[in-house]
Amino acid sequence: MNDLEKYLGRLYSADEVAKLLNIEMVTCYKWLGDGRIKAMKLGGCFGEFEKPI
């Protein structure tokens, strides 16, 4: 576990979230925009998401 994971918990990529929720990537990003999925910007792009509930 790295320092970021210790501070924030497990992070998931958009691809991992889409697979976990059995949705398409487009839907994943739409839900991100709608606020249904909480995300943070790391490294200049939306690439990591909090664990889906």
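Residues numbered from 1 in each chain as written. Predicted model: local features only at pLDDT ≥ 70, side-chain atom pairs only at ≥ 80, totals over all residues. Heavy atoms only, no water.

Q: Before we go on, may I ask you to explain the overall build of the chain in this structure?
A: When you go through the chain residue by residue, the secondary structure sums to three helices and three strands. Written out in order from the N terminus, the α and β elements of the chain read α-β-α-α-β-β. Within the chain, the proportion of its 53 residues that are buried is 21%. For the chain, the proportion of contacts with a sequence separation of at least 24, taken over those separated by at least 6, is 40%. With an accessible surface of roughly 4100 Å², the chain has 52% of that area assigned to carbon and sulfur atoms. (Helix = DSSP H or I, 4+ residues; strand = E, 2+ residues; numbered from the N terminus. Buried < 20%, exposed > 50% of the residue type's maximum accessible area, 1.4 Å probe, protein only. Contact = heavy atoms within 4.5 Å. Areas by Shrake-Rupley, 256 points an atom, 1.4 Å probe, with all protein chains shown as cover.)

Q: Whenever I open this one, the packing of aromatic side chains confuses me. Can you help?
A: Geometry of an aromatic ring pair is reported as the spacing of the ring centres plus the angle between the planes. Counted under the stated rule, the structure contains zero aromatic pairs. Taking the ring centre of Trp31 as reference, the NZ or CZ of Arg36 above it sits at 4.1 Å. (Phe/Tyr/Trp six-rings, centres within 6.5 Å; stacked < 30°, edge-to-face > 60°. Lys NZ or Arg CZ within 6 Å of the ring centre and 35° of its normal.)

Q: Sorry, what's going on with unusual backbone geometry here?
A: Most peptide bonds take the trans form, and the phi angle of most residues other than glycine is negative. In this structure, Asn22 is a non-glycine residue whose phi angle is positive, near 55°. Among the secondary structure elements, Asn22 is positioned in the loop between α2 (14-21) and α3 (25-34).

Q: I would appreciate a short explanation of the nonpolar core in the present structure.
A: Core analysis: the biggest nonpolar cluster contains eight residues, these being Tyr12, Ala14, Val17, Ala18, Ile23, Cys28, Trp31 and Ile37. Contributing elements (two or more residues each) for this core: α2 and α3. Considering each element in turn, this core owes the most residues, three residues, to α2. (Core = buried A, V, L, I, M, F, W, Y, C linked by side-chain atoms within 4.5 Å.)

No statement about biological role is implied by the geometric values presented.
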